[in-house]
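Observations on the model geometry
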Amino acid sequence: MRGAMKMKIGIDKIGFFTPHLYVDMAKLAQARNEDPNKYLIGIGQNKMAVIPPTQDAVTLAANAAAKVLTVEDKEAIDLVIVATESGVDNSKSTAAYVSELLGLSHEIRTIELKQACYAATAGLQLAKGHIALAPDKKALVIGSDIARYGLKTPGEPTQGGGAVAMLVSKDPKLVTLEAESAYYAKDVMDFWRPLSQTEAKVDGKFSANIYLEFFEKVYQDYLAKTGLKLTDFSALLFHLPYTKQGLKGLRKALEGVDPTVASHYYNEFEASRKYNMATGNLYTGSLYLSLLSLLENTDTLKAGDRLGLFSYGSGAQGEFFSGRLQPNYKEALTYQTSEMLEMRAEVSVAEYEQIFSAILTDDHDRKLDISKDPAQFVLAGIKDFKRQYLKK
């Protein structure tokens, strides 16, 4: 047990995937007769990922993981956890599909976790415990989601989608996870999606307030548990359903702080929300896209710096935990994200609406045109209630 306690366990690699299409938020605002600054500044979003019918939670997850896994990684993985609130089956786990698509060993555990946007953090903590018991193995944790609220609804500008895959191992190259965390749960109806619905239901203002309430609760609990203070963190990271919400959380943490000190945290926050601003809401993956964005865009963080992370899932669950940056962490990054985001094609608002309404349902057979989807893994259709996945 002493060896397990001293062992460094954390995130060895991070891979991110979002589809090849986006809609411009200023143009969406104009189409909805809104001031563009309501979306660009008030919500903090510039672009929103558009998810074609040929992508779902399974393919998003597989595409994200494939970006970073080597043959050696695949041989060492014996646990796959996919966190999603966009699952494709009420029984079979998304992880089972993903593991097969990636060509992983059959001597493996595959599970799916659900608790709104929080579940990937639960997966990360489970994976940490698994590696403590099996240090020669690796775990794959993926947050994969498609955020849908419906066309012309108040939640529409906070849609998006994609997946973040994290390889968890001992002696990680990126971030070690520290032992302490603070968590809090409460039965709250701020956001939900009935089983009969393809779009989520949300009480927007209530949800935003609950998010901040939970942040203050777990952040203060964490400080009390550990004896740490704000300046022991080099950056604070947030779940970003839209990036302005994370900024509100950061402002809570910086109340009464000297402006010179506060400016450092604001600068790191800007680095952390760069990719989210161009993608939109990833639900379970949002916090970890924020982490990836920080690691790839910061100019000031160094090995040994402590990062504070706030995870939140409506319904509601919150957790605050921390990690330490590892030596040469910059060299372990792929830096594929900016290029992938820049290579996407813009669709008009009318095209986005058409794509949004073309969602695949499981009530009848359907074949999809995969020729326009450049992704490695695609959904080709459905036959006899079975989703047809392909690797190109």
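Residues numbered from 1 in each chain as written. Predicted model: local features only at pLDDT ≥ 70, side-chain atom pairs only at ≥ 80, totals over all residues. Heavy atoms only, no water.

Now for the overall build of the protein chain. The number of helices and strands found in the protein chain is 14 helices and 17 strands. For 392 residues, the compact-globule estimate of 2.2 N^0.38 gives 21 Å, and the C-alpha radius of gyration of the protein chain, at 20 Å, lies within 12% of that figure. Looking at the protein chain as a whole, 57% of its 392 residues are labelled buried. Put simply, the protein chain shows about 16,900 Å² of open surface, and 51% of that area lies on carbon and sulfur atoms. Computing the positive centroid from 46 side-chain charges and the negative centroid from 48, the protein chain places the two 1 Å apart. (Helix = DSSP H or I, 4+ residues; strand = E, 2+ residues; numbered from the N terminus. Rg over C-alpha atoms; globule rule 2.2 N^0.38 Å. Buried < 20%, exposed > 50% of the residue type's maximum accessible area, 1.4 Å probe, protein only. Areas by Shrake-Rupley, 256 points an atom, 1.4 Å probe, with all protein chains shown as cover. Lys, Arg positive; Asp, Glu negative; His and termini not counted. Charge placed at Lys NZ, Arg CZ, Asp CG, Glu CD.)

Scanning the entire structure with this criterion turns up 16 salt bridges. The salt bridge involving D232 is made with K229; its shortest N-O contact spans 3.8 Å. Between E270 and R273 there is a salt bridge; the shortest N-O distance is 3.0 Å. With a relative accessible area of 39%, E270 lands in the partly exposed category. For R273, a relative accessible area of 11% translates into the label buried. Residues joined in a network through salt bridges with shared partners are K13, D73 and K138. (Salt bridge = Lys/Arg side-chain N within 4 Å of Asp/Glu carboxyl O.)

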